[in-house]
Amino acid sequence: MSPVIESIGIDVLFKGNNMMRLLSGLMAALKISMISVVLSIVIGLVLGMLMTLNKPAIKVVSRIYLETVRIMPQMVLLFIVYFGATKAMGLNLSAETASIIVFTFWGSAEMADLVRGALISIPVIQYESSYALGMTGLQTYLYVIIPQTVRRLLPLAINLITRMIKTTSLVMMIGIVEVLKVGQQIIEANRKSSPNAAFGVFATVFLLYFIACWPISLLSRYLEKKAA
Amino acid sequence: MDPILTVEHLHKEFDGYTVLDDVNMTVNPGEVVVIVGPSGCGKSTFLRCLNGLEKIEDGKVLLDGKIINPTGVDIAKDRQKIGMVFQSYDLFPHKTILQNITLAPVKVQGRNKDEAVREAVSLLERVGLSNKKDQYPRQLSGGQKQRVAIVRALIMHPEILLFDEVTAALDPEMVREVLEVVLSLAKEGRTMLIVTHEMAFARAVADRIVFIDGGRIVEEGRPDEFFTDPRTERARRFLDSFEY
Ligand SMILES: Nc1ncnc2c1ncn2[C@@H]1O[C@H](COP(=O)(O)OP(=O)(O)O)[C@@H](O)[C@H]1O
Ligand SMILES: [Mg+2]
């Protein structure tokens, strides 16, 4: 090992699986945001379509759901789900699962509302003139309603996804505690062999987060510009 | 000659409120029937009952002797034989003019795309809009949009055409260009059922006038008779409200 690497304490990262342990914390956070976004889009599409059915029961439940999501800060939801499930209900949820549940719970509500709004904004005459041309209900949806809905939905959905990705920084912050803890453990374990480990480990942690957040921030800015 | 369209004892309600009451009508091939009547008397609802856009409480609508059932499995097929043009512009905003016209013949009737495009272009030429084929509806004026809507109905080769106040939403200077298209269709012998507030046009185009008031057919007859010497007091009062 070169003396430079040893003197700034990066050498610990090459010992055992230390590097992997740091990286996995980061990957968990990225995974959470990706899974939540995908789940939210799928659930939101189905839920939003159900909400246009004009069934009173669906209306009441979805209203309560939406309001709950809007009133509660995600941080609070996160605590409720994580500690509520583990402590009160005795379920053993990982922090990762709890985060996915909360972000999907939130994203699906927002997405459903966007889908509902886009669907009901299509004038009735669009349906009727399609029927009058001999189209079936399915053909009407396929060729007339869905393309118009998607057009209206796209910029709004991109905006939502951007917000979801930005909120990942919240998860990142929770994640960073994990990573710092792992870092601390690495430093402790290697106190004797690499006395300068602290600097190397923390610098690496910082760098990793920068590398992870930078593309996300770029992507969200790109999506926002595209939506505008 | 068998009638194309037969309506027997049609009764239509909205939430228990009667909108059409015992309406009877036959339309023979090549006949142009114009329906007039005060606003809210049920003209639009009547046309919508004919192609199953509204369900009816009682009575029958028959096309070529076959019952039109709004909830039946054949309704989409039956509607292909009934062309309809609405009052409000109803073109598909996400499709070009050509796509608006060829969508149904290709996807619904399964016709060859090239053939449908050729027919669409020649119909557009006929209404003076072939240069607009690649534009979007928002780039067209109201009168142009209605002419496209007519072409979109024609390309399905319907047996009967329903026009519901197709010029009512237009600026006055555009009314004529649309009515001229409808007149030319009448001249070539199309079977049509037309709702309009343009009385001079009604008189010129109609083989028969049907006057509806309060959801009932009050008077029916030849246009020259109806416009010069209506038999009922209600028709007289209705005609007096127009200055033409
Ligand atoms: N979807 C509807 N629900 C309830 N009432 C309706 C509906 N559509 C039309 N009506 C009522 O039915 C009557 C006839 O309407 P309409 O057929 O549009 O008249 P017109 O076309 O002759 O002006 C009016 O009183 C109108 O308010
Ligand atoms: Mg009307």
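The text that follows walks through the structure, step by step, so that each part is easy to find. Positions within a chain are numbered from 1, following the residues in the order the chain's sequence is written. Going through the entries in the order they are written, you letter the chains from A and number the ligands from 1. The predicted nature of this model means local features are confined to residues of pLDDT at least 70 and side-chain atom pairs, given and counted, to a pLDDT of 80 or more, with totals for whole chains, interfaces and linings taken over all residues. Remark: hydrogens and water are excluded; side-chain values derive from all non-hydrogen atoms of the structure.

For the purposes of this entry, the term helix denotes a DSSP run of H or I that reaches at least four residues, the term strand denotes a run of E that reaches at least two, and both are numbered from the N terminus. Helices and strands together make up the secondary structure of chain A, namely eight helices and zero strands. Scored against the burial criterion, the 228 residues of chain A give a buried share of 41%. Expressed as a percentage of contacts within chain A between residues at least 6 apart in sequence, the contacts between residues at least 24 apart total 77%. Exposure is judged per residue with a 1.4 Å probe applied to protein chains only, and the accessible area is read against the type maximum: over 50% gives exposed, under 20% gives buried, and values in between give partly exposed. Residues are treated as being in contact if the distance between any of their heavy atoms lies within 4.5 Å.

In this section: the overall build of chain B. A count of helices and strands for chain B gives nine helices and ten strands. Throughout, the radius of gyration refers to the C-alpha atoms, and the reference size of a globule is 2.2 Å times the residue count to the power 0.38. The C-alpha atoms of chain B give a radius of gyration of 18 Å, which matches the 18 Å a tight globule of 244 residues would have. For the C-alpha atoms alone, the extent of chain B along its principal axes is close to 50 × 45 × 40 Å. Within chain B, buried positions represent 55% of all 244 residues. Sequence-distant contacts in chain B: of pairs separated by 6 or more residues, those separated by 24 or more amount to 65%. Just so you have it, chain B exposes about 10,800 Å², and 45% of that area is on carbon and sulfur atoms. Computed over 32 positive and 38 negative side-chain charges, the separation of the two mean positions in chain B equals 6 Å. For every accessible area listed, the method is Shrake-Rupley and the probe measures 1.4 Å; residues are considered covered only by the protein chains on display. Note on charges: Lys and Arg go in the positive column, Asp and Glu in the negative column, and His and the chain ends are not counted at all. For charged residues, the charge sits on one atom: NZ in Lys, CZ in Arg, CG in Asp, CD in Glu.

Counting 79 residues, the largest nonpolar core has Val34(B), Ile150(B), Phe163(B), Met192(B) and Ile194(B) as the members making the most contacts within it. Here this core takes nine residues from helix α5 (residues 95-120) of chain A, the largest share from any one element. Apart from residues lying up to four places away in sequence, Val34(B) is in contact with Ile194(B), Thr196(B), Ala202(B), Val205(B), Ala206(B), Arg208(B), Ile209(B) and Val210(B). Ranked by size, the runner-up nonpolar core spans 32 residues in total, among them Leu10(B), Leu53(B), Phe86(B) and Val195(B). Throughout, nonpolar core names a set of buried Ala, Val, Leu, Ile, Met, Phe, Trp, Tyr and Cys residues whose side chains join them through atoms within 4.5 Å.

Here the focus is the pattern of salt bridges. The salt bridge definition used is simple: a Lys or Arg side-chain nitrogen within 4 Å of an Asp or Glu carboxyl oxygen. Counted by the stated rule, this structure contains 27 salt bridges over all chains. The partner of Arg216(B) in a salt bridge is Asp21(B), and the shortest N-O contact between them spans 3.0 Å. Here the residue Arg216(B) occupies a position in strand β10 (residues 216-221), and Asp21(B) occupies one in strand β2 (residues 17-27), the gap between them amounting to 195 residues. Since its relative accessible area comes to 24%, Asp21(B) is described here as partly exposed. Put simply, Glu177(B) and Arg147(B) hold a salt bridge, and the shortest N to O gap is 2.9 Å. Of the two residues, Glu177(B) sits in helix α6 (residues 172-187) while Arg147(B) sits in helix α5 (residues 142-154), which places them 30 residues apart along the sequence. The class of Arg147(B) is buried, set by a relative accessible area of 10%. Within this structure, Arg70(A), Glu110(A), Asp113(A) and Arg116(A) form a network of salt bridges that share partners.

The next point concerns the packing of α5(B) against α6(B). Residues and elements named next belong to chain B. For the pair α5 and α6, interaxial distance at closest approach is 8 Å and the crossing angle is 20°. In terms of orientation, α5 and α6 fall into the roughly parallel class. Considering how the two elements wind past one another, α5 and α6 form a crossing that is right-handed. Between α5 and α6, the residues in contact are Gly142, Gly143, Gln144, Gln146, Arg147, Ile150 and Leu154 and Met174, Glu177, Val178, Val181, Val182 and Leu185, respectively. To obtain each axis, a line is fitted to C-alpha atoms, and for helices this fit is confined to the stretch in contact; angles are then taken between N-to-C directions over 0 to 180 degrees. Angle categories: roughly parallel below 35 degrees, roughly antiparallel above 145, roughly perpendicular from 65 to 115, and oblique for all the rest. Note on convention: near helix rotated counterclockwise from far helix by under a right angle means a left-handed crossing. Clockwise means right-handed.

This next bit is on the site of ligand 1. Residue and element names in this part refer to chain B. One heavy atom within 4 Å of a molecule or strand is enough for the residue carrying it to be called near that molecule or strand. Around ligand 1, a shell composed of Phe14, Val19, Pro38, Ser39, Gly40, Cys41, Gly42, Lys43, Ser44 and Thr45 is seen. Polar contacts here mean pairs of N or O atoms no more than 3.5 Å apart (in protein, one a potential hydrogen donor and the other a potential acceptor; neighbouring residues in sequence count only if both atoms are side-chain atoms). In this structure, Ser44 approaches ligand 1 through a side-chain N or O atom, which is 2.7 Å from an oxygen atom. Coverage of ligand 1 by the protein chains reaches 60% of its 560 Å² of free accessible surface. Examining the composition of the shell around ligand 1, we find that three residues originate from one element, helix α1 (residues 43-50), more than from any other. Three residue categories are used. Nonpolar comprises Ala, Val, Leu, Ile, Met, Phe, Trp, Tyr, Cys and Pro, charged comprises Asp, Glu, Lys and Arg, and polar comprises the others, including Gly. In terms of residue class, the shell around ligand 1 is made up of four nonpolar, five polar and one charged.

A separate point is the side chain of Thr102(B). Residue and element names in this part refer to chain B. In this structure, Thr102 sits in helix α3 (residues 97-107). The class for Thr102 is buried, based on a relative accessible area of 6%. When near neighbours in sequence (up to four residues on either side) are disregarded, Thr102 contacts Ala116, Val117 and Ala120.

Listed by partner, the interface residues are 22 residues for chain B and 17 residues for chain A. Buried surface area refers to the total accessible area, computed with a probe of radius 1.4 Å, that the two partners give up upon joining, counted for both partners together. Both faces combined, the contact of chain B with chain A buries some 1,700 Å², and carbon together with sulfur accounts for 65% of it. At the boundary of chain B with chain A, the tally comes to one salt bridge. The salt bridge partner of Glu128(A) is Arg48(B), with a shortest N-O separation of 2.6 Å.

Backbone-to-backbone hydrogen bonds pair the strands of a sheet. The strands run either parallel or antiparallel. All names here are of chain B. Strands qualify as paired when DSSP identifies two bridges or more between them. The strand order β6-β7-β8-β3-β9-β10 describes an open sheet built from six strands, whose pairing is mixed. Two strands close off the open sheet at either side, each with one partner strand: β6 (82-85) and β10. Geometrically, the sheet is characterised by an average inter-axis angle of 20° between neighbouring strands, direction not taken into account.

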